[in-house]
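# Summary of the model geometry
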Amino acid sequence: MHQFQNLHQEAKEKIHDFVRGHFYGHNDFDPDNTLYFFTAGRYEYRNKGCDMFIESLARLNHRLKAAGSKMTVVAFIIMPAQTQSLTVEALKGQAVIKSLRDTVDVIERGVGKKIFERALKWHDGEPMPDDKDLISSQDRILLRRRLFAMKRHGLPPVVTHNMANDAEDPILNQIRRVQLFNHPTDRVKVVFHPEFLNSANPVLPMDYDDFVRGTHLGVFPSYYEPWGYTPAECTVMGVPSITTNLSGFGCYMEELIENSTDYGIYIVDRRMKGIDDSVNQLTSFMYDFAAKSRRQRINQRNRTERLSDLLDWKRMGMEYVKARQLALRRAYPNSFDGPEDDDFIPGVDHKISRPFSVPGSPRDRSGMMTPGDFASLQEGREGLSTEDYIAWKLP
């Protein structure tokens, strides 16, 4: 039942490898305190909400720096555009990291062999093997060469490819406007990959499905989307996502679930709010997600994955049948018997209630609120500050 969590961990390690190469020389952030956000789809700058996503990343960067957060957010933009080739910096970064890894593996095998030989010959009273004896001067010279190769005079690149029309690309122009240049002081880093992902890619060798599993949050603030497969794919894989109430998926989840944020489906209001308010709401969603602990994110991914049954074709197929029936009745009303009210298809009678792993409402009730609180006893005793999952204070 936890296989999708294991797949997430495996895919995340592959993304770690890419990030280590892409940000070499400035890779001073801890992988355990790094979150991977992404948006993907056709290159429709406004329709897919890229303008809103980049603007909210700039505001998120400001809020994280102002709060003194140690969390780093790496935001990927995966959208195909006209490119000429991979950049030299992107290829060099992966080559430098591979050389360093190969060198360390050679030294590691040599040190292990020396420790084994010394241990075989060791007698009582003799000193333990010293690290100065284990690493030879040749190993030190080789390692020093690799370290000097990791020096970088410029900032890590924002885009992984040479764009055909760099000066007029709307995504790059907005990144320049908000000044998200992957500076060491930035808490939000941006990687624009203007090509669909595949396992044969020399820089980011991952298929799209594996990449999605390795991320922490999908962000799709579309201005218009008849349905929206990208957030639906995230849900099936147990990855929380952000969508809007101007997309079919967002409206569907809003109609089905009482409080969708508890299940990892964040819905930005772009219907009744202005663009600035919507950007602030999206920023707040991402900031709150970045403030979650690792245990809270795991808990939320479990809830998100449980929604996959709602998107099974056994259920969605019936929705297509009902939509086709409704269209036929309205297009050819004389071909159907019965009153005109028959073309009304009822909506959802009962929404999905809040999950057991969050406290009920109101919060000021005493005693156990839900069965999920039992799992949070240890967290409360250890003072881990996971108030999202505990509804009362331990004495």
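First, a word on scope: everything that follows refers to the structure included in this document.

Rules of the game
- Residues numbered from 1 in each chain as written.
- Predicted model: local features only at pLDDT ≥ 70, side-chain atom pairs only at ≥ 80, totals over all residues.
- Heavy atoms only, no water.
- Buried < 20%, exposed > 50% of the residue type's maximum accessible area, 1.4 Å probe, protein only.
- Helix = DSSP H or I, 4+ residues; strand = E, 2+ residues; numbered from the N terminus.
- Pairing = 2+ DSSP bridges.
- Right-handed = clockwise from strand over helix to strand, strands pointing away.
- Axes fitted to C-alpha atoms, helices over the stretch in contact; angles between N-to-C directions.
- Parallel < 35°, antiparallel > 145°, perpendicular 65-115°, else oblique.
- Left-handed = near helix turned anticlockwise from the far one by under 90°.
- Contact = heavy atoms within 4.5 Å.
- Core = buried A, V, L, I, M, F, W, Y, C linked by side-chain atoms within 4.5 Å.
- Phe/Tyr/Trp six-rings, centres within 6.5 Å; stacked < 30°, edge-to-face > 60°.
- Lys NZ or Arg CZ within 6 Å of the ring centre and 35° of its normal.
- Nonpolar A, V, L, I, M, F, W, Y, C, P; charged D, E, K, R; others polar.
- Salt bridge = Lys/Arg side-chain N within 4 Å of Asp/Glu carboxyl O.

## Overview of the pairing of strand 8 (residues 265-268)
- Where burial is concerned, the two faces of strand 8 agree: the one with Ile265 and Ile267 and the one with Tyr266 and Val268 are both buried.
- The sheet contact formed by strand 7 (residues 241-244) and strand 8 spans four bridges and is parallel. Within the sheet, the bridge partner assigned to Thr243 lies in strand 8 and is Ile267.
- In this view, the connection linking strand 7 to its parallel neighbour strand 8 by way of helix 9 (residues 248-256) has right-handed handedness.

## Re the packing of helix 1 (residues 3-22) against helix 11 (residues 294-306)
- Contact geometry of helix 1 with helix 11 gives a least axis separation of 10 Å together with a crossing angle of 125°. In terms of axis orientation, helix 1 runs oblique to helix 11. The hand of the helix 1/helix 11 crossing is right-handed. Contacts between helix 1 and helix 11 involve Phe4, Gln5, His8 and Gln9 from the first element and Arg294, Ile298, Arg301, Asn302 and Glu305 from the second.

## Structural notes on the nonpolar core
- In this structure, Phe37, Ile171, Ile242 and Met286 are the most contacted members of the largest nonpolar core, which totals 38 residues.
- With eight residues, helix 2 (residues 50-66) is the single largest residue contributor to this core.
- For Phe37, the residues in contact, after removing those within four places along its chain, are Leu60, Val73, Val74, Ala75, Phe76, Leu217, Val219, Met286 and Phe289.

## What to know about the packing of aromatic side chains
- Taken as a whole and assessed by the stated rule, the structure comprises 13 aromatic pairs.
- Each ring, one from Phe38 and one from Phe220, has its centre 5.5 Å from the other, and the planes form 85°; the classification is edge-to-face. In this pair, Phe38 is assigned in strand 1 (residues 34-40) and Phe220 in the loop between strand 6 (217-219) and helix 8 (229-236), connecting sequence segments 182 residues apart. A single burial state applies to Phe38 and to Phe220, both of which are buried.
- In this structure, Arg63 packs its charged tip against the face of Tyr287, placed 4.2 Å from the ring centre.

## So, the packing of helix 2 against helix 10 (residues 275-290)
- As a packed pair, helix 2 and helix 10 sit with axes 9 Å apart at the nearest point and diverge in direction by 55°. Judged by the angle between their axes, helix 2 and helix 10 are oblique. Every pair of crossing elements has a handedness; the one defined by helix 2 and helix 10 is right-handed. For the pair helix 2 and helix 10, contact is made by Met52, Phe53, Glu55, Ser56, Leu57, Arg59, Leu60, Arg63 and Leu64 and by Ile275, Asp276, Ser278, Val279, Asn280, Leu282, Thr283, Ser284, Met286, Tyr287 and Ala290, respectively.
- Class assignment of the residues belonging to the contact of helix 2 with helix 10 gives a composition of 11 nonpolar, five polar and four charged.

## With respect to the pattern of salt bridges
- Within the structure shown, the criterion is met by 13 salt bridges.
- A salt bridge links Asp276 to Arg59; its shortest N-O distance comes to 2.8 Å. Highlighted residues: Asp276 in helix 10 and Arg59 in helix 2, separated in sequence by 217 residues.
- The class of Arg59 is partly exposed, set by a relative accessible area of 22%.
- Across the salt bridge formed by Lys322 and Glu319, the nearest N and O atoms sit 3.6 Å from each other. Highlighted residues: Lys322 and Glu319, both in helix 12 (residues 313-331), separated by three residues, approximately one helical turn.
- The exposure class assigned to Lys322 is partly exposed, which follows from its relative accessible area of 30%.
- Under the relative-accessibility criterion, Glu319 is labelled partly exposed at 31%.
- Here the salt bridges do not stand alone but share partners, grouping Glu55, Arg59, Arg177 and Asp276 into one network.

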